[in-house]
Amino acid sequence: MEIFTEQIEQARERLEQMQLLAQEFSSPPPNLLEEVFGELSKALEELHVATEELQMQNQQLLSTREQVEIERERYQQLFEEAPDPYLVTNAVGVIEEANAAAEQLFNLRRPFLRDKPLAVFVVIEDRSAFRSQLEQLRTVGPLTEWEVQMLPRDREPFPGAISVSPVHDIQGNLIGFRWLIRNISPLKEAEKTRQDLAIERELHLVKSRFIQILSHEFRTPLNTIHLCTQLLERYSDGVKQSKRSPLFEKIRCAIKQITLLLDDILIFNGDQDSGLFQASQFDLQRFCWNLIEEYKLLYNPGKRSIDLQIDGEFNSVCINSKLLKHIIRNILSNCFKFTPQSSQIDLFIQCNPTHLVFSFRDQGIGIPPEDLPRLFEIFYRGSNVGDVPGAGLGLAIVKKSVDLLSGEISVDSTLGVGTSFTIALPTHSTSKSLPLPLKKSLLSPVE
């Protein structure tokens, strides 16, 4: 178009020059008329060429316009028939366009969707966060997909996954957003179902393993009771009392083992309102010595020895003795199992006015670093235990008991050197039955 205008202007200037030239002469030169006609002919030819070019450009513009219209209709049809809800808003989040799926999602016809802020279809609790996200879209740029609780008309809220893309004009200025909003309730329900199935499957495995372990753990003491009972029944008349006593002692020990196993199992189903968690006042030193002697009698530690040291006021300690017994017995069991013969287990106890700190140290095989995070999981056993018998219950019971006493436990271990357990437990006031509040970590260095 600019070329066409320029050519007309040049032809007009040439004609004006010839008109001025003709006016200068009273009688025009003989060749002037010929030059005028030549210039006119040339100008007309140029105008004809320019006209043809203009017609061709006009045809191209019409063709382009038809293609643009076809593409617009095609994309409008895709927008309308898309299975997912699509919205177009201006830069401040006011709805300008919506497709049929958006109508169904929000239970509202498009004329009533338009000119409404998208935020009104977000639950009230999430609107402030939604507006903050919208402001971030305008100032910072595109966000990754986020989840919002949407609120359709006359329906229950649903979790919506939102994807947004900006719309810019020719100059690159932000003029709006395109929104894709999907109802992910079915996905949430499917995920919950999958998790429930996984939990149910895990519980089934735990129950099966629990039954197997209990069967194995109970078999040995029950076999002992059965064998001793048979011997007593068969030879009771001809056996002296001095020979009967060891058999009765074995029976008593086997029954004691079964009782301890049952007590361990009850820890996992303990009710905090029951008498299991009542504190009592006792002599801690005598309590520990009795427990060590009882353990030696039951489990035959061989040449392994225990060095017990207690510092502080231990004559009148107030704490739950049943849970404390579970803690000491199960840690000693681990120390004996995984330490060589003739080794020593150190147990140091510090008695403070508000808490007790127990430090167990053995010279055993140690715990691999990769096993430490799962050390207190039920049925979990270290990767280096080999053929040492065990059910993987002991340390889980220790952790459960420590938690029930509002205490803390830490582990420090070196492969081939040994393992140390440090347990801090709050004690009870003699005038109260509830644990004292912990204002700082009980595992802080002892002063």
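Values in this document were obtained by computation on a predicted structure and should not be read as measured data.

Caption draft 1: How the structure looks around the overall build of the chain. A count of helical and extended segments in the chain gives 10 helices and 12 strands. Taking all 447 residues of the chain together, 35% fall into the buried category. Here the contacts in the chain between residues at least 6 apart in sequence split such that 60% fall between residues at least 24 apart. Accessible area for the chain stands at about 28,000 Å²; split by element, carbon and sulfur atoms hold 54% of it.

Caption draft 2: Geometry of the sheet that holds strand β4 (residues 158–168). If you trace the five strands from one edge of the open sheet to the other, you get β2-β1-β5-β4-β3, paired in antiparallel fashion. Single-partner strands in this sheet number two, and they are β2 (95–98) and β3 (146–150). Here the average twist between neighbouring strands, direction ignored, is 35°. Pairing geometry for β3 and β4, over five bridges, is antiparallel. Counterpart to Gln 149 in the pairing with β4 is Pro 159. Lying on the sheet, helix α5 (residues 124–139) is in contact with β3, β4 and β5 (174–183); it crosses β5 at an angle near 135°.

Caption draft 3: Main features of the sheet that holds strand β7 (residues 305–312). If you walk across this open sheet you meet the five strands as β7-β9-β10-β12-β11, and the pairing is mixed. Each edge of the open sheet is held by one strand with a lone partner, namely β7 and β11 (408–414). Across the sheet, the mean angle separating the axes of adjacent strands is 10° when strand polarity is ignored.

Caption draft 4: Structural view of the pattern of salt bridges. All told, the structure shown has eight salt bridges when counted by the stated rule. Where Arg 110 meets Glu 103, a salt bridge forms, and the shortest distance between an N and an O atom there is 3.2 Å. Overall, Arg 110 belongs to the buried group, its relative accessible area being 16%. Measuring nitrogen to oxygen at the nearest pair gives 3.2 Å for the salt bridge that ties Lys 188 to Glu 147. Here Lys 188 is found in helix α6 (residues 185–235), whereas its partner Glu 147 is found in strand β3, with 41 residues between them in sequence.

Caption draft 5: Local environment of the packing of aromatic side chains. For the structure shown, the criterion picks out six aromatic pairs. Arranged with centres 6.3 Å apart and planes meeting at 50°, the rings of Phe 130 and Trp 146 form a pair that is tilted. Here the residue Phe 130 occupies a position in helix α5, and Trp 146 occupies one in strand β3, the gap between them amounting to 16 residues. For Phe 130, a relative accessible area of 2% translates into the label buried. Members of the aromatic cluster, connected to one another through ring pairs, are Phe 130, Trp 146, Phe 177 and Trp 179.

Caption draft 6: Inspection of the pairing of strand β1 (residues 86–90) at higher detail. With four of its five residues buried, β1 lies for the most part within the structure. With five bridges connecting them, β1 and β5 associate as antiparallel partners. Within β5, the residue paired with Tyr 86 across the bridge is Leu 180. With three bridges joining them, β1 and β2 adopt antiparallel strand pairing.

Caption draft 7: Structural context of the environment of Phe 358. Considering the arrangement of structural elements, one finds Phe 358 in strand β10 (residues 355–361). Looking at Phe 358, the relative accessible area reads 2%, which means it is buried. Spatially, the C-alpha atom of Phe 358 lies 5.0 Å from that of Ile 423, the residues being 65 residues apart in sequence.

Caption draft 8: View of the side chain of Thr 89. Within the secondary structure layout, Thr 89 lies in strand β1. Judged by its relative accessible area of 0%, Thr 89 falls in the buried class. One polar contact links Thr 89 to Trp 179, side chain to side chain, over a distance of 2.8 Å. In contact with Thr 89, other than residues within four places in its own chain, are Val 94, Ile 95, Glu 96, Ile 175, Gly 176, Phe 177 and Trp 179.

Quick notes on the rules
- Throughout, residues of each chain are indexed from 1 in the direction in which the sequence is written.
- Confidence filtering applies because this is a predicted model: local features only for residues at pLDDT of at least 70, side-chain atom pairs given and counted only at 80 or more, and all residues used for totals across whole chains, interfaces and linings.
- Hydrogen atoms and water are omitted, and side-chain values are computed over all heavy atoms in the structure.
- Helix and strand labels come from DSSP, where a helix needs a run of H or I of at least four residues and a strand needs a run of E of at least two; each type is numbered from the N terminus.
- For every residue, the accessible area (1.4 Å probe, protein chains only) is compared with the maximum for its type, and the residue is labelled buried under 20%, exposed over 50%, or partly exposed between those bounds.
- Contacts: residue pairs with any heavy atoms within 4.5 Å of one another.
- Residue exposure ignores everything except the shown protein chains as possible cover, and the areas themselves are Shrake-Rupley values with a 1.4 Å probe.
- For two strands to pair, DSSP has to find at least two bridges joining them.
- Helix axes are fitted only over the stretch in contact, all axes being lines through C-alpha atoms; the angle between N-to-C directions runs from 0 to 180 degrees.
- Here, a salt bridge means any side-chain nitrogen of Lys or Arg that lies within 4 Å of a carboxyl oxygen of Asp or Glu.
- Each aromatic pair joins two rings of Phe, Tyr and Trp (for Trp, the six-membered one) with centres within 6.5 Å, and gets the label stacked for planes under 30 degrees apart, edge-to-face for over 60, and tilted for any other angle.
- Polar contacts here mean pairs of N or O atoms no more than 3.5 Å apart (in protein, one a potential hydrogen donor and the other a potential acceptor; neighbouring residues in sequence count only if both atoms are side-chain atoms).

These figures capture arrangement, not role.
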